[in-house]
Amino acid sequence: MLEKYLLFMRRAIELSLECVKRGGGPFGAVIAKNGKIVSESCNQVTILNDPTAHAEISAIREAARKLNTFDLSGCEIYASCEPCPMCFGAIYWARIDRVFFASTRSDAENIGFDDSFIYEEISRPVRERSIEFKQLLRGEALEAFRAWEEAEDKVKY
Ligand SMILES: [Zn+2]
C-alpha cells in the first residue's frame, strides 16, 4: 500500500509541475478512494481567473461530481503542498478521511505564497481583521434558518 501513497503523491507533484508550464500556480492534488484515483487537479487561479481554483478545491469538486455525493468519506487527498486555510476547510466539509502533503506552508511562503496571515485573521476579533466585516439584518436572515429547522424533507449534511 505504501507504493500507492507514493504513486498518488508523485502524481500530485507531477500535476504541480505541469501546471507551472501551463501558466498556473505550482500546486497539484489527487483524490483517491479504495486505492484508485477519483480526481486530480492543479492550481488554475490565474488560468481561470478564479481565486478559489486551488488544486484541492477543484479536485474535491470533481470527486464529488464523479461520485455523485457531497460526502467524500472514504477518500484521501494527496496535495503537493500543505493545504491553505480555504482548502483545509473544504477538506473538512467534504469529510475526507486523510490528508497527505509534500511541501509545507513555510516552503510555499518562501516563494511568495504566504497564507499564514489568513490563519492569524481567523483567530482575530471581527473588528481587528484587515478586511472589514459588518453585520446587517440578522433577524431577516434567520427566516431561512427557521425554514430549514421546520423543513421535513431536507437533506442533512
Ligand atoms: Zn488552497
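A short tour of the structure in this document, coming up. Per chain, residues are indexed from 1 in the order of the written sequence. Restriction of local features to residues with pLDDT of at least 70 applies here, the model being predicted, together with a cutoff of 80 or more for giving and counting side-chain atom pairs; totals for whole chains, interfaces and linings are based on all residues. As a rule here, side-chain values cover all heavy atoms of the structure and leave hydrogens and water aside.

Examining helix α1 (residues 2-21)
Consideration 1: Given a rise of 1.5 Å per residue, 20 residues ought to cover 28 Å, and the 29 Å separating the end C-alpha atoms of α1 matches this to within 8%.
Consideration 2: Those residues of α1 lying buried are F8, M9, A12, L15, S16 and C19. The arc that holds the buried residues of α1, viewed along the axis, is 110 degrees, so those residues lie on one side. Away from its buried face by more than 90 degrees, α1 exposes L2, E3, L7, R10, L17 and K21.
Consideration 3: Note on contacts: a residue pair is in contact if any heavy atoms of the two residues lie within 4.5 Å. Runs of E in the DSSP output that reach at least two residues are strands. Runs of H or I that reach at least four are helices, and both are numbered from the N terminus. Buried residues belonging to α1 abut β1 (28-33), β2 (36-42), β3 (75-81) and β4 (98-103). One fewer than the residue count of a helix, multiplied by 1.5 Å, yields its expected span. For the exposure calls, accessible area comes from a 1.4 Å probe over protein chains only, and a residue counts as buried if that area is under 20% of its type's maximum, exposed if over 50%, partly exposed in between. What the arc covers is the set of directions going from the helix axis to the C-beta atoms.

Thoughts on the coordination of the zinc ion
Consideration 1: Metal-coordinating donors are taken as N, O and S atoms lying within 2.8 Å of the metal, or within 3.2 Å when the metal is Na, K or Ca; because water is left out, some sites can appear incomplete. Around the zinc ion, the protein supplies H54 (ND1), C84 (SG) and C87 (SG) as donor atoms, at distances of 2.0 to 2.3 Å.
Consideration 2: Mapped onto the sequence, the donors of the zinc ion take the spacing H-x29-C-x2-C. Taken individually, C84 and C87 each receive the classification buried, so the pair is uniform in this respect.

Details of the pairing of β1
Consideration 1: Counted residue by residue, β1 has 5 buried out of 6 residues, so it is predominantly covered.
Consideration 2: By this definition, two strands are paired if DSSP reports at least two bridges between them. Sheet analysis places β1 next to β2, joined by 6 bridges and oriented antiparallel. In the sheet register, K33 faces β2, and the bridge partner there is K36.
Consideration 3: Turn length for the β1-β2 hairpin, with the two strands adjacent in sequence and antiparallel, is 2 residues, and the turn residue N34 shows positive phi of about 50 degrees.
Consideration 4: In this structure, β1 lies alongside β3, joined through 5 bridges in antiparallel fashion. When the sheet's bridge partners are listed, I31 is paired in β3 with I77.

Structural notes on the packing of helix α3 (residues 55-67) against helix α4 (residues 85-93)
Consideration 1: Structural elements are reduced to axes, namely lines fitted to C-alpha atoms, with helices fitted over the stretch in contact, and the angle between N-to-C directions of any two is expressed from 0 to 180 degrees. In the contact formed by α3 and α4, the axes pass within 9 Å of each other and the chain directions differ by 25 degrees. By the criterion of interaxial angle, the relationship of α3 to α4 is roughly parallel. In terms of crossing hand, the pair formed by α3 and α4 is left-handed. Packed against α3, whose contacting residues are E56, I57 and I60, the element α4 presents M86, C87, A90 and I91 at the interface.
Consideration 2: Under the convention adopted here, Pro, Cys and the residues Ala, Val, Leu, Ile, Met, Phe, Trp and Tyr are nonpolar, Asp, Glu, Lys and Arg are charged, and Gly plus all remaining residues are polar. Classifying every residue of the contact of α3 with α4 by side-chain character gives 6 nonpolar, no polar and 1 charged. Here the angle decides the label: under 35 degrees means roughly parallel, over 145 means roughly antiparallel, 65 to 115 means roughly perpendicular, and every other value means oblique. What makes a crossing left-handed is the near helix being turned counterclockwise from the far one by less than a right angle; a clockwise turn instead makes it right-handed.

Purely geometric numbers; function is a separate question.
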